[in-house]
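One-letter residues, chain by chain:
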Amino acid sequence: MKKSSIIGLVVIAIGIAVIISIYKGASTYGSFTDARTSQSVLRVVGQLDKQKELYYDAAKDANYFSFYVKDKKGEECKVVFRGTEPQDFQKSEQIVLTGQMVSGEFHASEILMKCPSKYTQDKIDVTEAKAKSASI
Amino acid sequence: MNKAFTGEHLLPGHLGQFFVILSFGGALLSTLSYYFATVNKNPADRSWHSMGRWGFYINSLSIIGVGVCLFYILYNHYFEYHYAWSYTSKDLPVYYLVSGFWNGQEGGFLLWTFWQAVLGNILIWKAKSWEKPVMTIVSFSQLWLASMLLGIELFGAKIGSSPFLLLRKAIEAPIFSQPNYLSFIKDGQGMNPLLQNYWMVIHPPTLFLGLASVVVPFAYAVAGLWQKKYKEWVVPAIPYALFACMILGTGVVMGSLWAYESLNFGGFWAWDPVENASIFPWLIMVGGLHVLIVYKNSGHSYFTGVFLVLVSFIMVLYQSFLARSGILGETSVHSFVDNGLFWHLVAFILVFLGLVIYLVVTRYKEMPISKKDEETYSREFWMFVGAIFLGLSCFHLVLVTSIPVWNRMFGTKVAPPTDLVGHYNIIQASFAMVITLLTGFSQFLKYKKTDTAKFFISTLVYLLVALLITVPVDYFSGLYKLHLVFQLVMLGAVYSLLVNGKVLIDAFKGKFKLAGSAVAHIGFGLMLAGAIVAAGTRGLVSVNESGTIAIAGFDKSAQGNKISGDSRENVMIYKNEPVKMGDYMVTYAGDSTAEPNHFYKIDYRRYDSKGKMIESFELKPKVQLNDRMGMTSSPDTRHYLTHDLYTHITALPQPKQPAGTDAQAAADHGDENNDKNYDPPIAHEIAVGDTIRFREGYMVLRGLKKETAIQNIPLLANDVAIGAKIDIVSNNKNYTAEPVYMIRGKNVFDFSRNVDDAGLKLRLTKIIPADNKVEITVYQQPENKRPWVVMRALDFPFINLLWSGTLIMILGFLLSIFRRNKEVKVV
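Residues numbered from 1 in each chain as written. Chains lettered and ligands numbered in written order. Predicted model: local features only at pLDDT ≥ 70, side-chain atom pairs only at ≥ 80, totals over all residues.

Caption draft 1: Expanded view of the overall build of chain B. Secondary structure assignment for chain B yields 21 helices and 24 strands. Out of the 827 residues belonging to chain B, those deemed buried represent 51%. (Helix = DSSP H or I, 4+ residues; strand = E, 2+ residues; numbered from the N terminus. Buried ≥ 20, exposed ≤ 12 C-beta atoms within 10 Å, placed from the backbone.)

Take a look at the structure:
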């Protein structure tokens with residue numbers, strides 16, 4: 001067998017191994033209900049419920065931050081994050097949580113926020129400008 | 001549109017837009033002319049050729065014109081332009097106005113096209129017989145980049161996005177119906193505080209120069225295939241490939257330096273999709289470069305070399321698509337949102353991909369692909385294998401990073417692995433291990449054929465020495481606690497360092513030609529060693545509970561179900577209350593404000609076993625509080641030769657009061673309203689010299705004094721005012737306070753004094769002449785009302801290896817460029 005074919009085979013084998021490892025590692029986007037039933041780590045996409053309390057008391061535990069998130073199916077769940085409130089958290093339009101259910105609370109290990117306002121902050125200032133122009 | 005608006009400065013915008021269109025026209029003229037110059041077989045006819053040059057000159061000058069107009073707008077704060085309004089504000093210093101320049105997508109394209117224009121002019125000057133075909137490709141790429149800035153609507157599709165768009169056209173709001181709307185727009189949105197860092201002034205230009213320079217080897221490869229000069233393009237392309245690798249690598253590392261110094265995820269690399277995308281072209285180009293050298297020296301691996309060089313430019317386009325199209329929204333922290341250019345960016349990739357596929361398919365049969373197999377014990381064979389592994393490493397990164405792309409293409413809903421960092425770390429480390437070993441032992445091999453016995457002996461001897469060095473390194477650095485693969489990377493890196501060190505010594509003995517690659521490999525080895533140790537054995541200083549914490553992404557069960565964020569890394573500390581963290585006594589000593597930054601002074605002291613202070617320094621992590629962006633925190637780092645101590649603020653008490661209003665006012669007027677901030681007061685009847693104890697210390701009444709004046713209140717003749725001089729010791733710090741008791745007519749007043757740093761308020765509430773005593777009422781703030789910060793402190797061991805390795809690698813590339821440039825003899 002030619003050496004180039006051996007290399008070709010090795011490359012294909014490694015390629016397949018990589019794909020399998022991604023496939024095995026890949027998680028799914030799910031809902032809180034899915035998290036409750038599966039009890040495994042998954043990602044939940046949802047929105048922060050800004051009506052409910054964001055709890056953080058540094059004096060009690062500087063690594064405990066809890067809040068409520070409504071997932072895409074409209075189910076709401078308390079989320080606990082072992083850390084401090086991430087930057088831009090309350091401005092987020094959408095949150096992607098990675099974590100799992102622990103006795104009825106979703107314990108998030110990672111929070112990823114989508115804040116369009118970061119780069120196109122058009123909305124906020126214009127409403128401000130509106131208020132100004134109305135008063136004149 | 002027909003309305004007249006007052007106060008607008010439309011000229012620079014019109015001029016800028018004119019230059020944008022001119023640059024497009026110039027690129028179009030240049031592309032067509034160079035194309036016809038290339039296919040024109042009449043050597044006497046130079047008209048196409050000179051037209052191509054003129055087209056390119058027009059394009060280059062217009063780009064400079066665009067840049068000048070845009071900078072003029074930013075510099076003069078013409079907020080009627082969307083770009084100026086979005087990314088800058090009046091308080092930005094000039095050097096950040098420069099970085100505001102490339103804050104938006106349009107600025108990025110502008111920078112890219114600028115560098116490509118510079119490179120094009122160098123090619124016009126240097127490329128000789130290659131100029132026509134190579135410049136056809138470069139101009140064609142310029143044409144696409146120019147189109148990205150056009151900002152016109154054509155048949156309902158958006159073509160490009162112009163930096164000269166007016167605010168009133170970018171946003172719809174009723175305010176713009178007023179002719180004097182500009183007088184309501186006082187200031188721009190300002191720059192994201194995280195971008196206000198000096199690295200942001202130089203990182204984007206470097207990165208874009210790197211990205212732009214990939215087009216040169218690509219254009220040579222395309223020209224070679226197109227003109228059927230299959231072999232000749234390789235030698236002149238090598239120095240440019242080296243240059244692209246050098247600059248792109250530098251740009252990427254600068255980005256991670258910025259992240260390390262300015263962001264607060266606690267590291268220098270987060271495997272964010274945008275970061276990954278920036279190294280796709282680097283990995284492929286480094287692989288391609290090695291295979292080109294293989295081909296030059298042995299005639300083997302032609303196809304792989306061409307293929308990698310062609311793909312590297314496709315990767316440049318693909319990374320630009322990933323970063324700009326908004327497709328990474330759910331997985332990336334710092335990608336842009338879609339600017340309406342999604343399909344434009346896709347078309348950019350597809351056109352060049354189509355060109356690549358066409359050339360490879362039509363020319364494949366004619367390519368000088370060697371029929372003979374390489375020798376197993378030859379350098380070319382193992383360099384080729386190394387390049388393949390670089391390609392595989394990129395393949396893995398592309399596959400995972402593109403998950404949102406696959407989802408969009410196939411309508412699936414796959415999420416990236418839950419332990420993403422661990423996943424990347426382990427798989428990429430496996431590739432890195434193979435690559436470092438290859439950069440080592442392939443040095444013992446010669447091109448064509450090598451004496452096997454000698455090769456095995458030297459390889460194994462060096463491997464043994466490397467192992468002997470790695471074991472103690474592993475043990476003392478704590479690497480042994482990590483997954484085996486990281487230890488193997490360390491072994492590979494040490495091995496590569498040893499072998500290339502030997503090559504370097506030989507180089508100084510005369511074979512100086514080899515110095516470049518040896519130095520670059522040494523740099524690469526150091527970089528990997530530094531990255532593995534710094535990230536893998538990162539120490540947590542801010543622990544309030546005993547026990548070690550597994551570092552996310554590196555623990556042995558990285559693929560398991562462990563929640564990586566569950567490490568309690570934050571510690572709350574009260575002002576002036578020292579807390580022991582690791583080797584340090586850490587105190588939050590105060591804060592200062594230099595708008596828009598709030599600095600928090602964190603005092604670090606280290607004592608030896610006898611309690612003698614051996615080190616003391618202060619770190620000032622900063623926080624920007626901003627209505628629009630909330631709290632933005634940047635770390636401060638104490639650099640040592642062998643490690644870095646990194647500290648940043650992760651939480652603060654609720655909104656800070658405007659500086660200097662509250663405390664003083666309350667002290668002067670004995671404001672009772674803030675009593676709710678204190679625990680119930682305790683009254684003490686004491687005589688001069690007596691001591692009152694409280695939670696953090698004690699206070700002594702030193703004396704009573706008749707006051708003649710109280711701040712702001714003139715004393716009348718019959719007033720009696722007594723001040724109690726009190727020395728306070730709280731947490732081993734000394735303070736004094738002097739509450740005052742005053743009788744005016746039949747009324748009694750008392751003026752309390754606050755000692756904010758100790759969280760105390762003192763009142764002199766009664767004078768009891770009979771017992772020769774006074775009553776001091778002590779208000780103490782409950783613990784959670786006192787000023788505090790929550791911080792996180794990390795220790796990065798040997799991170800300097802990463803930075804110095806990078807510098808060494810750059811130097812290696814530079815040496816190689818000089819060497820390879822001498823080999824170029826183009827007519």
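Caption draft 2: View of the overall build of chain A. For chain A, the count of helices and strands is three helices and seven strands. Secondary structure of chain A in N-to-C order comes out as α-β-α-β-β-β-β-β-β-α. Considering chain A as a whole, with its 136 residues, one finds that 31% of them fall into the buried category. Sequence-distant contacts in chain A: of pairs separated by 6 or more residues, those separated by 24 or more amount to 47%. (Contact = placed C-beta atoms within 7 Å.)

Caption draft 3: Quick peek at the sheet that holds strand 21 (residues 753–755) of chain B. All names here are of chain B. The strand order across the open sheet formed by four strands is 14-23-22-21, and the pairing between neighbours is antiparallel. Pairing within the sheet leaves two strands with one partner each, and these edge strands are strand 14 (682–686) and strand 21. Sheet twist, expressed as the mean angle between neighbouring strand axes with direction ignored, is 30°. Relative to strand 23 (residues 773–780), strand 22 (residues 760–768) is paired through eight bridges, and the arrangement is antiparallel. Opposite lysine 766, over in strand 23, you have glutamate 775 as the bridge partner. (Pairing = 2+ DSSP bridges. Axes fitted to C-alpha atoms, helices over the stretch in contact; angles between N-to-C directions.)

Caption draft 4: The arrangement of the confidence of the model for chain B in detail. Residue and element names in this part refer to chain B. The predicted model of chain B averages 86 in pLDDT, with 92% of residues at 70 or higher. Looking over chain B, one finds the lowest element-wise mean pLDDT in helix 20 (residues 662–669), namely 41, and the highest in helix 9 (residues 215–226), namely 97. Below pLDDT 50 for its whole length, residues 545–566 participates in 45 contacts with residues either more than four positions away or in separate chains. Within the model, the stretch residues 656–672 combines pLDDT values under 50 with 17 contacts to residues more than four positions away or in other chains. The complex model carries a pTM of 0.85, and its ipTM stands at 0.81. (pLDDT = per-residue confidence, 0-100.)

Caption draft 5: Fine view of unusual backbone geometry. Residues and elements named next belong to chain B. The residue tryptophan 271 is not glycine, and still its phi comes out positive at about 55°. Among the residues examined, tryptophan 271 registers 19 C-beta atoms within 10 Å and is labelled partly exposed. One non-glycine residue, phenylalanine 798, lies in the positive phi region at around 55°.

Caption draft 6: Fine view of the domain arrangement of chain B. Residue and element names in this part refer to chain B. Along its sequence, chain B is carved into domain 1 (1–196), domain 2 (242–415), domain 3 (417–538 + 552–561), domain 4 (568–652 + 788–796) and domain 5 (678–780). Its C-alpha centre places domain 2 at a distance of 40 Å from the equivalent point of domain 4. Each partner contributes to the interface: domain 2 provides four residues, whereas domain 4 provides seven residues. (Domains from an automatic or database assignment.)

Caption draft 7: Spotlight on helix 2 (residues 47–75) of chain B. With 29 residues, helix 2 of chain B extends 42 Å between its outermost C-alpha atoms, agreeing within 8% with the 42 Å of an ideal straight helix rising 1.5 Å per residue. In the stretch just after helix 2 of chain B, B:His77 is the one whose phi turns positive, near 55°. (Expected span 1.5 Å × (residues − 1).)

Caption draft 8: Summary view of the packing of helix 2 of chain B against helix 5 (residues 105–126) of chain B. Residues and elements named next belong to chain B. Close contact between helix 2 and helix 5 brings their axes to 10 Å; oriented N to C, the two are set at 145°. Like other packed secondary-structure pairs, helix 2 and helix 5 cross with a definite hand, here left-handed. Residues Arg53, Phe56, Asn59, Ser60, Ile63, Val66 and Gly67 of helix 2 form the contact with helix 5, whose participating residues are Leu110, Thr113, Phe114, Ala117, Gly120, Asn121 and Ile124. Of the residues assigned to the contact of helix 2 with helix 5, the class counts are seven nonpolar, six polar and one charged. (Left-handed = near helix turned anticlockwise from the far one by under 90°. Nonpolar A, V, L, I, M, F, W, Y, C, P; charged D, E, K, R; others polar.)

Caption draft 9: Seen up close, the environment of B:Thr412. Note that B:Thr412 resides in the loop between helix 15 (403–410) and strand 3 (414–417). Look at B:Thr412 and you get exposed, because 10 C-beta atoms sit within 10 Å.

Caption draft 10: Fine view of the nonpolar core. Among the nonpolar cores identified, the biggest contains 223 residues, and B:Val134, B:Phe218, B:Ala219, B:Ala221, B:Ala241, B:Cys245 and B:Met285 are the most heavily contacted of them. Here the element with the most residues in this core is helix 10 (residues 234–262) of chain B; it accounts for 18 residues. Leaving out residues up to four positions away in the same chain, B:Ala221 has contacts with B:Trp233, B:Ala237, B:Val306, B:Val309 and B:Leu310. Counting 20 residues, the second largest nonpolar core, distinct from the first, contains A:Val41, A:Val96, A:Leu97 and A:Ile111. (Core = buried A, V, L, I, M, F, W, Y, C linked by C-beta atoms within 7 Å.)

Caption draft 11: The pairing of strand 2 (residues 42–48) of chain A, seen in detail. All names here are of chain A. For strand 2, a buried count of five out of seven residues is recorded, marking the element as mostly surrounded by other parts of the structure. Sheet topology places strand 1 (residues 26–30) next to strand 2; two bridges connect them, and they run parallel. Its bridge partner lying in strand 2, tyrosine 29 is registered against arginine 43. On the question of chirality, the crossover connecting strand 1 to the parallel strand 2 by way of helix 2 (residues 32–38) is right-handed. Looking at chain direction, strand 2 and strand 6 (residues 94–102) are connected through five bridges and run antiparallel. (Right-handed = clockwise from strand over helix to strand, strands pointing away.)

Caption draft 12: Structural view of the environment of B:Tyr678. Residue and element names in this part refer to chain B. Here tyrosine 678 shows up in the loop between helix 20 and strand 14. The class of tyrosine 678 is partly exposed, set by 17 C-beta atoms lying within 10 Å. On a C-alpha basis, the gap between tyrosine 678 and glutamine 781 in space is 4.2 Å, while along the polypeptide they are 103 residues apart.

Caption draft 13: Region of interest: the pairing of strand 8 (residues 597–607) of chain B. Residues and elements named next belong to chain B. In this sheet, strand 8 lies alongside strand 7 (residues 584–594) in antiparallel orientation, the contact comprising 10 bridges. Counted as the bridge partner of methionine 585 is arginine 605 from strand 8. Relative to strand 9 (residues 613–619), strand 8 runs antiparallel, the two being bridged by six bridges. Its bridge partner being in strand 9, tyrosine 607 is matched across the sheet by methionine 613. Two successive antiparallel strands, strand 8 and strand 9, enclose a turn made up of five residues, where glycine 611 displays a positive phi of approximately 90°.

Caption draft 14: Looking closely at the packing of helix 5 of chain B against helix 6 (residues 131–148) of chain B. All names here are of chain B. Orientation of helix 5 relative to helix 6, taken along the N-to-C sense of each, is 165°, at an axis distance of 10 Å. By the angle between their axes, helix 5 is roughly antiparallel relative to helix 6. Note that helix 5 runs across helix 6; the crossing there is left-handed. Across the interface between the two elements, Phe109, Trp112, Thr113, Gln116, Ala117, Gly120, Leu123 and Ile124 of helix 5 pack against Glu131, Val134, Met135, Val138, Ser141, Gln142, Leu145, Ala146 and Met148 of helix 6. Class assignment for the residues of the contact of helix 5 with helix 6 results in 11 nonpolar, five polar and one charged. (Parallel < 35°, antiparallel > 145°, perpendicular 65-115°, else oblique.)

Caption draft 15: Highlighting the confidence of the model for chain A. Residues and elements named next belong to chain A. Summary statistics for chain A give a mean pLDDT of 76 and a share of 83% for residues scoring 70 or more. At the level of individual helices and strands, chain A shows its lowest average pLDDT in helix 3 (residues 122–135), which scores 33, and its highest in strand 4 (residues 65–71), which scores 91. In this model residues 117–136 is a low-confidence stretch, pLDDT under 50, and it forms 28 contacts with partners more than four residues away in sequence or in other chains.

Caption draft 16: A look at the environment of B:Asp756. All names here are of chain B. Note that aspartate 756 resides in the loop between strand 21 and strand 22. For aspartate 756, a count of 18 C-beta atoms within 10 Å puts it in the partly exposed group. Each C-alpha atom, one on aspartate 756 and one on phenylalanine 56, is 67 Å from the other, the two residues being 700 residues apart in sequence.

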